[in-house]
Amino acid sequence: MAPFEPAALPELLPVFYRRLFPHGAYGRWLSYGGAAKNYFQLREFSFTLRDDVYLRFQSFGSPQELERELQKTNPYKIDIGAVYSHRPNQHNTVHLGAFQPQEKELVFDIDMTDYDDVRACCSSAEICSKCWTLMTIAVRVLDRALVEDLGVKHRLWVYSGRRGVHCWVCDDTVRKWSPALRGAAVEYLSLVKGGAETVKKVALSEPVHPFVRRSVSVVERYFAAYALEGQDILGSQESWEKVLALVPEEHRDVLRSEFPKKRDSAQRWELLKARMERTRRPAGPGKSLPCYADWEIMLQYCFPRLDINVSKGVGHLLKSPFSVHPKTGRISVPLDLQRLEQFDPFAVPTISSLCQELDATSELEDDGDTEPKRRPRDYKRTSLAPYVRLFEQFVEGMERARRGEALRRSDLQGDF
């Protein structure tokens, strides 16, 4: 893969927006089948240009107008905002208080930096194959809950291009949710709570909610590989003391004395689980309560960490799919949930590698012409093609569902 040099962006972006960006499917996605006559026109876009010039409240009369603007300005970053009551580029002409966000996809922005207290391999913006498992777990836990618990159908999961993942929930009804309803949904999906000063961030009580039980069953599939092998959370006294701080105090001294006798994190974890064994904790005369310390540890180390404000705010902007990350050069591409465990963020095409692929195929196909040929949908000739196809399948799925719903309503009306 061609190495990415940030200094090359001004030269590469015009090629990207002209020949690689999936304008057709992108416009169909954000038009939602003509959800309203001026739906697309009311959508806010923001562009980050060279030298961190930031342009908010951009809006366009059609997807074609947006395409032309992208090819003209070549933004370093595209963010997508809400659908407003008035065209965003005219917001300064509207009476104070009249310009309001009306609807937007429910979004989740999961950032690896929020897991720095539970990963030893990397910190800050760094990622590696060991800690990337946390993003896999986040997608699996949240996607299951969105579908099975909240009844969501249309979810677009996207790699951010650097250190995290985004989710766009695009169902027609969900896009109309109020901030209060969005906040309630995110609160339901949140288990890890508290800042850096909070030692114990997950606390379970009887009866354990079915959402928690199902989430634990997902986390269990990855816990040994991620926490016990990859992060070795019980590998040294320093690391196991952090874990012991999460178990009931009456068990700490026993485990602390037994841990050195065990060979590795896996054996120490089995000892901890056996010690818990849903230990009966006193709850008054003749009463006892189960202890879920091992579940709490698994969830604190692996459960998705959500920022409620990102998802709750209808006016919040989120980086667009198929943006180029200006630091890594990687493209923000859709995730294939059928092959999620095989996803490698380091194998995602960069703008440099894509342009190099275009150059290579152009040389083979030029047939000696002095002028390069303009070929439609050039992304199909590059490693971006499978990601665009995933995106097209997502859009096509929404369109089929919309046609099916229209047919159902037509049939119902015909019954009267």
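Please read all numbers here as calculations on a predicted model, not as lab measurements. Counting of residues starts from 1 at the beginning of each chain's written sequence and follows it residue by residue. Given that the model is predicted, a residue must reach a pLDDT of at least 70 before its local features are reported, and side-chain atom pairs must reach 80 or more before they are shown or counted; all residues, however, enter totals for whole chains, interfaces and linings. Calculation of side-chain values draws on the structure's entire complement of heavy atoms; hydrogens and water are dropped beforehand.

Attention now moves to the overall build of the chain. Where helices and strands are cited, they refer to DSSP runs of H or I of at least four residues and of E of at least two residues respectively, numbered from the N terminus. Looking only at helices and strands, the chain features 14 helices and 10 strands. Its C-alpha atoms give the chain principal-axis dimensions of about 80 × 65 × 45 Å. Burial classes: relative accessible area under 20% of the type maximum marks a residue as buried, over 50% as exposed, and values in between as partly exposed (1.4 Å probe, protein chains only). Within the chain, buried positions represent 50% of all 416 residues. Restricting to contacts in the chain with at least 6 residues of sequence separation, those with at least 24 account for 68%. Surface summary for the chain: the accessible area is close to 20,100 Å², and the carbon and sulfur share equals 50%. His is not counted, nor are the chain ends, whereas Lys and Arg count as positive and Asp and Glu as negative. We put the charge of a Lys on NZ, of an Arg on CZ, of an Asp on CG and of a Glu on CD. Computed over 60 positive and 58 negative side-chain charges, the inter-centroid distance for the chain is 4 Å. Two residues form a contact once any of their heavy atoms are found within 4.5 Å. Only the protein chains shown count as covering a residue, and every accessible area follows the Shrake-Rupley method with a 1.4 Å probe.

Moving on to the nonpolar core. As used here, the term nonpolar core means buried Ala, Val, Leu, Ile, Met, Phe, Trp, Tyr and Cys residues forming a set that is joined through side-chain atoms within 4.5 Å. Counting 122 residues, the largest nonpolar core has Tyr26, Trp29, Phe45, Trp157, Ile351 and Leu384 as the members making the most contacts within it. Looking at this core, the element that brings in the most residues is helix H4 (residues 129–149), giving 11 residues. Residues contacting Leu384, with those up to four places away along its chain left out, are Leu20, Phe322, Ile331, Val333, Pro349, Leu354 and Tyr379. Formed by five residues, the second largest nonpolar core is a distinct cluster that contains Ala82, Tyr84, Val94 and Val314.

As a further point, take the confidence of the model for the chain. Residue-level confidence of the predictor is summarised by pLDDT, bounded by 0 at the bottom and 100 at the top. For the chain, mean pLDDT is 92; residues scoring 70 or higher make up 92% of the total. In this model, residues 368–374 is a region of pLDDT below 50 whose contacts with residues beyond four sequence positions or in other chains number six contacts.

Along the chain, Ser190 falls in the loop between helix H6 (179–188) and helix H7 (210–230). By relative accessible area, which is 15% here, Ser190 ends up buried. Other than its neighbours up to four places away in sequence, Ser190 contacts Phe303 and Leu306.

Time to look at the side chain of Thr361. Considering the arrangement of structural elements, one finds Thr361 in helix H13 (residues 351–365). Polar contact is defined as a pair of N or O atoms within 3.5 Å, subject to the rule that within protein one atom must be able to donate a hydrogen and the other to accept it, and that residues adjacent in sequence are counted only when both atoms are side-chain atoms. Within the structure, the side chain of Thr361 is placed 2.6 Å from the side chain of Arg381, a separation counted as a polar contact.

Attention shifts here to the packing of H4 against H7. As a packed pair, H4 and H7 sit with axes 10 Å apart at the nearest point and diverge in direction by 170°. Considered as vectors, H4 and H7 are oriented roughly antiparallel to each other. Residue-level inspection shows Lys130, Cys131, Thr133, Leu134, Thr136, Ile137, Arg140, Val141, Arg144, Ala145, Glu148 and Asp149 of H4 in contact with H7, the latter providing Phe211, Arg214, Ser215, Val218, Val219, Arg221, Tyr222, Tyr226 and Gly230. Here the residues of the contact of H4 with H7 sort into 10 nonpolar, four polar and seven charged. All axes are obtained by fitting lines to C-alpha atoms, using only the stretch in contact for helices, and the reported angles, taken between N-to-C directions, cover 0 to 180 degrees. Roughly parallel covers angles under 35 degrees, roughly antiparallel covers those over 145, roughly perpendicular covers 65 to 115, and oblique covers all other angles. Each residue is assigned to one of three groups, with Ala, Val, Leu, Ile, Met, Phe, Trp, Tyr, Cys and Pro labelled nonpolar, Asp, Glu, Lys and Arg labelled charged, and all others, Gly among them, labelled polar.

This next bit is on the packing of helix H9 (residues 249–258) against helix H10 (residues 265–276). At their nearest, the axes of H9 and H10 sit 11 Å apart, and the two run at 150° to each other. When the interaxial angle is binned, H9 and H10 end up roughly antiparallel. Crossing geometry of H9 relative to H10 is assigned as right-handed. Where H9 abuts H10, its residues His251, Val254, Leu255 and Glu258 lie against Leu271, Leu272, Arg275 and Met276. The class makeup of the residues in the contact of H9 with H10 is five nonpolar, one polar and two charged. Note: crossing handedness is left-handed where the near helix turns anticlockwise from the far helix by less than a right angle, and right-handed where it turns clockwise.

With respect to the helices and strands, the residue Leu156 is situated in strand S6 (residues 155–159). Remark: the alpha-carbon pair of Leu156 and Trp168, spanning 12 residues in sequence, is separated by 5.0 Å. Non-local contacts of Leu156, meaning those with residues more than four positions away in its chain, are made with Trp29, His166, Cys167, Trp168, Pro321, Pro334, Phe391 and Phe394.

Here the focus is the sheet that holds strand S5 (residues 106–111). As a general point, the strands of a sheet are linked pairwise by backbone hydrogen bonds and lie either parallel or antiparallel. Spatial ordering of the open sheet is given by S5-S7-S6, a layout of three strands whose pairing is antiparallel. Sheet topology places S5 and S6 at the edges, where each strand pairs with a single neighbour. Each neighbouring strand pair of the sheet contributes to a mean axis angle of 15°, computed without reference to strand direction. One ladder, built from five bridges, connects S6 with strand S7 (residues 164–169); its direction is antiparallel. Residue pairing in the sheet places Leu156 in a bridge with Trp168 of S7. When DSSP finds at least two bridges between two strands, those strands are taken to pair.

What follows deals with unusual backbone geometry. In this model, Glu206 is joined to Pro207 through a cis peptide bond whose omega is -10°. The residue Pro207 is located in the loop between H6 and H7 in this model. A positive phi angle, close to 55°, is found at Phe57, a residue other than glycine. On the secondary structure map, Phe57 appears in strand S2 (residues 54–58). One non-glycine residue with positive phi stands out, namely Asp232, at about 50°.

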